Amino acid sequence: MKKLHTFRWPLAALLSLAASILFLLLSLKQGLGNSFLKNGDWRTSKSTGSSEAGAIDKTVIAIGGLLASTREDSIYYILNSVAGEPLRLNCRYRIEGNDYDADWWSITAYGTDYFLIPNRDKRYSFNNENLTRGEDGRWIIQIGTQQEEGNWLPVGPSGSPTESQSSDYDFDLLLRLYTPGAAYLQQPESAPLPVVTLESCS
Amino acid sequence: MNGLRWTAAILLCGWLGQYPLAMLVPHLIMERLHHKVVERVGHNQLNLTLRTDETSRWVVRPSPDLLYASCMYDLEQGPVMISAPVPERYWSMQFYQMNTDNFAGIHNQREQRLRRGTLVEVTLLGPDADPAEYPGEVIQSPTTRGVMLLRASSIGDNSEAQAALQNSRCTAQAQTVPS
């Protein structure tokens, strides 16, 4: 008991540090949660890349989106769940959309290691120019592990062999809009975006 | 009672302590990036990434629709000169300080003066330099070290974008004040 009394200050400092790490991990686990804006299932932040971003947001971006630009250059929307259900490799998804007010835009699939997902076709993204579209200009992207006709965005296990998955989803989607128009700069939470739906799961 | 007070104090300190810790993490990640790239090409040199696939691992979430050139700058010995030809399609030059803030940027799609064929020449200064003493386009970095990143669209025929990045330069200048 006397020993504990002697070492109570160093012990309290160590426990405080451990608690700080724990609180930070919990905050990071929420990730793009609390302070980020929702637009359907997509999430974005007005302060990405900016000095106005809070400490937790900067850490989230540094870990999962290092060297992101401010939204004047590009705005990023991330999606890792559909209607509250995390994106899974045993499911097929469909993205439907049209054109968006930006110099150009793209949709890219990333593994849980935040890198491009290995696949035989080396197909990692679609952009506004390489999509096959209908006569009305609208397009559909199919996402899944099995090859499909048309705009198929393959997904699969992440490329990092030793990576232990800490997220509850198997992959995520990043929509980039470069030199975005006023709607994205002023009302990112209601600006038009592609719609992702779950087709089926095995 | 005393134990409860200690527990509450530790939890409070832990809660508050996550914020300085969170401020440290972006610095550590940027330090790692700096170290990786400097080991490969050195400070104040361009590192070209002209193809992006699943093996591209120098920074998270690379875009397969972009070509990249980065310069890990160090302004300790004086300014760095950056010159870059502007291609027709999307192109940008972004500056990041060591806490990951994107403190300055130039984009060819927003600025009419930055059209195809323009040569952008920027003098990048450290936090203690006086911008008034330097001619032309000057950008002042809030930190001595940081990252300059060129992005160029690789959609379609990307030969012009490739040539633009290959002909870009990031060069340390002698520490002299120009006349």
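Residues numbered from 1 in each chain as written. Chains lettered and ligands numbered in written order. Predicted model: local features only at pLDDT ≥ 70, side-chain atom pairs only at ≥ 80, totals over all residues.

J.: Before we move on, can you summarise the overall build of chain A with the specific residues and values?
T.: When helices and strands are tallied, chain A shows 4 helices and 12 strands. Along the longest, intermediate and shortest principal axes, the C-alpha atoms of chain A span 80 × 40 × 25 Å. Within chain A, contacts between residues separated by at least 24 positions form 69% of all contacts whose residues are at least 6 apart in sequence. (Helix = DSSP H or I, 4+ residues; strand = E, 2+ residues; numbered from the N terminus. Contact = placed C-beta atoms within 7 Å.)

J.: Account for the overall build of chain B, with residues named and values stated.
T.: Within chain B, the regular secondary structure consists of 2 helices and 9 strands. Ordered by position in the sequence, the α and β elements of chain B form the string α-β-β-β-β-β-β-β-β-α-β. Against the compact-globule benchmark of 16 Å for 179 residues, chain B has a radius of gyration of 20 Å, which places it well outside the compact range. For the C-alpha atoms alone, the extent of chain B along its principal axes is close to 75 × 45 × 35 Å. Buried positions account for 40% of the 179 residues belonging to chain B. Looking at chain B alone, contacts between residues at least 24 apart form 67% of all its contacts between residues at least 6 apart. (Rg over C-alpha atoms; globule rule 2.2 N^0.38 Å. Buried ≥ 20, exposed ≤ 12 C-beta atoms within 10 Å, placed from the backbone.)

J.: Provide a residue-level description of the interface of chain B and chain A, including the pertinent values.
T.: Each partner contributes to the interface: chain B provides 45 residues, whereas chain A provides 48 residues. For the side of chain B that touches chain A, the element with the highest residue contribution is helix H1 (residues 2–41) of chain B, accounting for 16 residues. Residues belonging to the side of chain B that touches chain A are distributed by class as follows: 23 nonpolar, 15 polar and 7 charged. (Nonpolar A, V, L, I, M, F, W, Y, C, P; charged D, E, K, R; others polar.)

J.: So what's going on with the nonpolar core? Which residues, and what values?
T.: The biggest cluster of nonpolar side chains holds 86 residues, and the ones touching the most others in it are Ala109(A), Leu175(A), Met148(B) and Ala152(B). The leading source of residues in this core is strand S2 (residues 66–74) of chain B, at 7 residues. Not counting chain neighbours up to four residues away, the residues in contact with Ala109(A) comprise Ile117(A), Tyr124(A), Ile143(A), Leu153(A), Val155(A), Phe171(A) and Leu173(A). (Core = buried A, V, L, I, M, F, W, Y, C linked by C-beta atoms within 7 Å.)

J.: Please provide a residue-by-residue account of the sheet that holds strand S9 (residues 139–144) of chain A, values included.
T.: Residues and elements named next belong to chain A. Strand order in this open sheet of 4 strands is S10-S9-S6-S12, and the pairing throughout is mixed. This sheet does not close on itself; its edge strands, each paired only once, are strand S10 (151–154) and strand S12 (195–201). Taking the axes of each pair of neighbouring strands and ignoring which way they run, one obtains an average angle of 25° across the sheet. Sheet topology note: the S9/S10 ladder contains 4 bridges and is parallel. Residue pairing in the sheet places Ile 143 in a bridge with Leu 153 of S10. (Pairing = 2+ DSSP bridges. Axes fitted to C-alpha atoms, helices over the stretch in contact; angles between N-to-C directions.)

J.: An account of the sheet that holds strand S4 (residues 91–97) of chain B is requested, with residue identities and associated values reported.
T.: Residue and element names in this part refer to chain B. Taken together, 5 strands build an open sheet; the order of strands is S1-S2-S8-S4-S5 and the sheet is antiparallel. In this open sheet, the two edge strands, each paired with only one partner strand, are strand S1 (46–49) and strand S5 (102–107). Averaged over neighbouring strand pairs, the angle between their axes works out to 15° when direction is ignored. For S2 and strand S8 (residues 145–153), the ladder comprises 9 bridges, and the chain directions are antiparallel. Counted as the bridge partner of Leu 67 is Ala 152 from S8. Seen against the sheet, H1 touches S1, S2 and S8 and runs at an angle of roughly 90° to S2.

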